[in-house]
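# Notes for the structure review
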Amino acid sequence: MKKKHDWNIKSKHILVIMILVCISLMLLTFAEKFPAAPVRKAASYAVVPFQNGINKVGTALSEMTSGFRNKKKLVEENEKLQNKVDELTAENSRLTQSISELDRLKKLYDLDKEYSEYDKVGAEVISKNSGNWFSTFTINKGSDDGIQKDCNVIAGSGLVGIVTEVGKNWATVRSIIDDTSNVSAMTMTTSDTCIVSGDLRLIDEGKLQFIHLKDEDDKIQEGEKIVTSATSDRFLKGILIGYVSEIEENPNNLTKTGTLTPAVDFEHLQEVLVIKELKQQKGDS
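These remarks concern the structure in this document. (Residues numbered from 1 in each chain as written. Predicted model: local features only at pLDDT ≥ 70, side-chain atom pairs only at ≥ 80, totals over all residues. Heavy atoms only, no water.)

### Remarks on a negative patch on the surface
Note the threshold: A patch consists of residues whose relative accessible area exceeds 30% and which take part in no salt bridge; residues with like charges are grouped when within 9 Å of each other, and nonpolar side chains (Val, Leu, Ile, Met, Phe, Trp, Tyr) when within 5 Å. All accessibility values rest on the Shrake-Rupley procedure with a 1.4 Å probe; residue burial counts only the protein chains present in the view. Criterion for a salt bridge: a side-chain nitrogen of Lys or Arg within 4 Å of a carboxyl oxygen of Asp or Glu. Counting rule for charge: Lys and Arg are taken as positive, Asp and Glu as negative, and neither His nor the chain ends is counted. For charged residues, the charge sits on one atom: NZ in Lys, CZ in Arg, CG in Asp, CD in Glu. Strands are runs of DSSP state E lasting at least two residues, helices are runs of H or I lasting at least four, and both sets are numbered from the N terminus onward.
Among the surface-exposed residues, D204, E205, D265 and E267 lie close enough to one another that they form a single negatively charged patch. Mapped onto the elements, E267 comes out in the loop between β11 (256–262) and β12 (271–275).

Laid out in structure tokens, this is it:
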């Protein structure tokens, strides 16, 4: 069986052949005895189309190179712009955090002034129980900072809870929303007493419960301030707990029950103030 010859000619070979043809025609043009007109005519058929093709290829390559340069330039500019956007985004995030932190610290400062009669120490929340709410949590200050068991803890606009355990540089706080918490409280305007009890199911609605409110003259209305009472054995008198949101009379017609909106955001605690003076030391009665 005969082998088939592969007659494929590479493009570089064609280019070499065309160049040789052009050179030959040019030499013939300069020959004295060779007629110039036929040569020019032959050149017009052989060289001109080839030159036009070369020009088109050159133009295309030039445009392609220019396009690559423009694309590279656009990519570099886009990278610079993206880096700038990233820097501005990060800076905006830092500013937002700083503003938020400044707002929280301002509230603590205002709270510190409101309860200026008490010696206090600031602390950061470093861990908490599982779940969305800060029912129990740990702070980064302890006995080395003068904190003791039963120290009252405040934040936001009022009462957070009470210290239940203390280490040298840490302390555990049980907040008033915890199911085991009960705070002896009273109304601000009439001093009628009640009990504010923790309920983690109710706090999902942003509320606390109060019970056993004595309001014989029906003076207590929505918006009434509820504060810690003088009869509490562990909580200092007069610390804001929250505002009455609902109130209803019990079946016995002797006391009332209701809910209140707490003065503290128990979902986003970050910093607190711990009152170093204990109720027993204060001697309120």
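### A few points about the packing of aromatic side chains
Selection rule: Side-chain rings of Phe, Tyr and Trp (the six-membered ring for Trp) are treated as a pair once their centres are within 6.5 Å; stacked means planes under 30 degrees apart, edge-to-face means over 60, and tilted covers the remaining angles. Accessibility here uses a 1.4 Å probe with only protein chains present; expressed as a share of the type maximum, an area under 20% marks a residue as buried, one over 50% as exposed, and anything in between as partly exposed. For a lysine, the NZ atom is tested; for an arginine, the CZ atom; a charge sits over a ring if that atom is within 6 Å of the ring centre and within 35 degrees of the ring normal.
In this structure the tally under the stated criterion is 1 aromatic pair. Each ring, one from F134 and one from F137, has its centre 6.0 Å from the other, and the planes form 75°; the classification is edge-to-face. Overall, F134 belongs to the buried group, its relative accessible area being 8%. A relative accessible area of 1% means that F137 is categorised as buried. Just above the ring of F134 sits the side chain of K128; from NZ or CZ to the centre is 5.2 Å.

### What to know about the sheet that holds strand β8 (residues 208–213)
Selection rule: Each pair of strands is called paired provided DSSP finds at least two bridges between the two strands. Every axis corresponds to a line fitted to the C-alpha atoms, with the helix fit spanning only the stretch in contact, and the corresponding angles, defined between N-to-C directions, vary from 0 to 180 degrees.
Overall, antiparallel pairing links the 6 strands, which are arranged β6-β7-β8-β11-β10-β9 in a closed barrel. Shown here is a sheet whose adjacent strand axes are inclined to one another by a mean of 40°, direction ignored. With 7 bridges joining them, strand β10 (residues 240–249) and β11 adopt antiparallel strand pairing. When the sheet's bridge partners are listed, V244 is paired in β11 with L260.

### Looking at the pairing of strand β4 (residues 158–166)
The sheet contact formed by strand β3 (residues 152–155) and β4 spans 4 bridges and is antiparallel. By the bridge assignment for β4, I154 is matched with L159. Between β3 and β4, which pair antiparallel one after the other, the connecting turn spans 2 residues, and G156 there sits at a positive phi close to 60°. The pairing of β4 with strand β5 (residues 171–175) spans 5 bridges and is antiparallel. In the sheet register, I162 faces β5, and the bridge partner there is R174. A loop of 4 residues connects β4 with β5, the two strands running antiparallel in sequence.

### A look at the sheet that holds β5
The strand order β1-β2-β5-β4-β3-β12 describes a closed barrel built from 6 strands, whose pairing is antiparallel. Within the sheet, the average angular offset between the axes of one strand and its neighbour, ignoring direction, is 45°. Bridge count for strand β1 (residues 120–128) against strand β2 (residues 136–139) is 3 bridges, and the pairing is antiparallel. Bridged to K128 within β2 is F137.

### A closer look at unusual backbone geometry
Positive phi, normally seen in glycine, also occurs at D150, with a value near 80°. Residue classification places D150 among the buried residues on the basis of a relative accessible area of 15%. One non-glycine residue, H212, lies in positive phi territory at about 60°. Positionally, H212 belongs in strand β8.

### Topic: the pairing of strand β6 (residues 182–187)
The buried count for β6 comes to 5 of 6 residues, which makes it a mostly enclosed element. In textbook terms, the turn of a hairpin is the stretch between consecutive antiparallel strands, and for β6 and strand β7 (residues 193–197) this stretch comprises 5 residues, one of which, S191, has a positive phi near 60°. Two elements, β6 and strand β9 (residues 225–228), share 3 bridges in a ladder whose sense is antiparallel. Bridge assignment links T187 to a residue of β9, and that residue is I226.

Purely spatial values, then, with no claim about function.
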